[in-house]
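Geometric and topological summary
The primary structure of each chain is shown beneath.
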Amino acid sequence: MELVYASKKVEEQCTDLKAAKKLFAGSSKLAVSLIARVNALEQAVVLKDIVVQRQFHFHKLLNKNGKNLDGLFAIDVKARQDPWRIILRPLDEDNEQFKPCNIDEIAGIVEIVRIEEVSRHYE
């Protein structure tokens, strides 16, 4: 699958071990896990290859506090009990967001994903 990044900073955090460690306040375990998750995304043919693997805990983000999260999904950086998530946006062949973004209908055809951020999403 092709990965694009919301910013150069996000790309560095996802591809450079030193930048990932800095993001996680020096945690090598989280940094290595992030790099491994990004590698898994790259190795997938379509997004469904990730969706069906339970260890990623792929889930839709819900709108809250007035923030529009339509079309955004997340996977765990390491494990469900950790607060860190990789925030993803499936894109079509023109690098545009699917509208509507019904993951059950599009997961089998999505070949491009934009990584929006890596964050403690629920804090």
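Read on for an overview of the structure. (Residues numbered from 1 in each chain as written. Predicted model: local features only at pLDDT ≥ 70, side-chain atom pairs only at ≥ 80, totals over all residues. Heavy atoms only, no water.)

**Describing the overall build of the protein chain**
We apply this condition: Helix and strand definitions follow DSSP, with helices as H or I runs of at least four residues and strands as E runs of at least two, each counted in order from the N terminus. We compute the radius of gyration over the C-alpha atoms and compare it with the globule rule, which gives 2.2 Å times the number of residues raised to the power 0.38. The cut-offs for exposure are 20% and 50% of the maximum accessible area for each residue type, with area from a 1.4 Å probe on protein chains only; residues under the lower value are buried, those over the upper are exposed, and the others partly exposed. Any two residues whose heavy atoms approach within 4.5 Å are treated as being in contact.
Each helix and strand counted, the protein chain has 5 helices and 5 strands in total. Traced from its N-terminal end to its C-terminal end, the protein chain shows the element sequence β-α-α-α-α-β-β-β-α-β. Against the compact-globule benchmark of 14 Å for 123 residues, the protein chain has a radius of gyration of 14 Å, which places it among compact chains. Taking the principal axes of its C-alpha atoms as reference, the protein chain extends roughly 40 × 35 × 30 Å. Among the 123 residues that make up the protein chain, the fraction classed as buried is 46%. When contacts within the protein chain are restricted to residue pairs at least 6 apart in sequence, long-range pairs at least 24 apart make up 54% of them.

**Notes on the sheet that holds strand β5 (residues 112-120)**
Formally: At least two bridges found by DSSP between two strands are what make those strands a pair. Helix axes use the C-alpha atoms of the stretch in contact, all axes being lines fitted to C-alpha atoms, and the angles between their N-to-C directions lie in the range 0 to 180 degrees.
In space, the 5 strands of this open sheet follow the order β1-β5-β4-β3-β2, with mixed pairing throughout. The open sheet has two free edges, formed respectively by β1 (2-5) and β2 (59-60), since each of these has just one partner strand. Where strand β3 (residues 73-76) meets strand β4 (residues 84-91), 4 bridges bridge the pair, whose relative direction is antiparallel. Residue D76 lies in a different strand from β4, and its bridge partner there is R85. Relative to β5, helix α1 (residues 8-15) is tilted by about 80°, and along the sheet it contacts β1 and β5. In this fold helix α3 (residues 28-43) packs onto β1, β3, β4 and β5, with an angle of close to 130° to the strand it touches most, β1.

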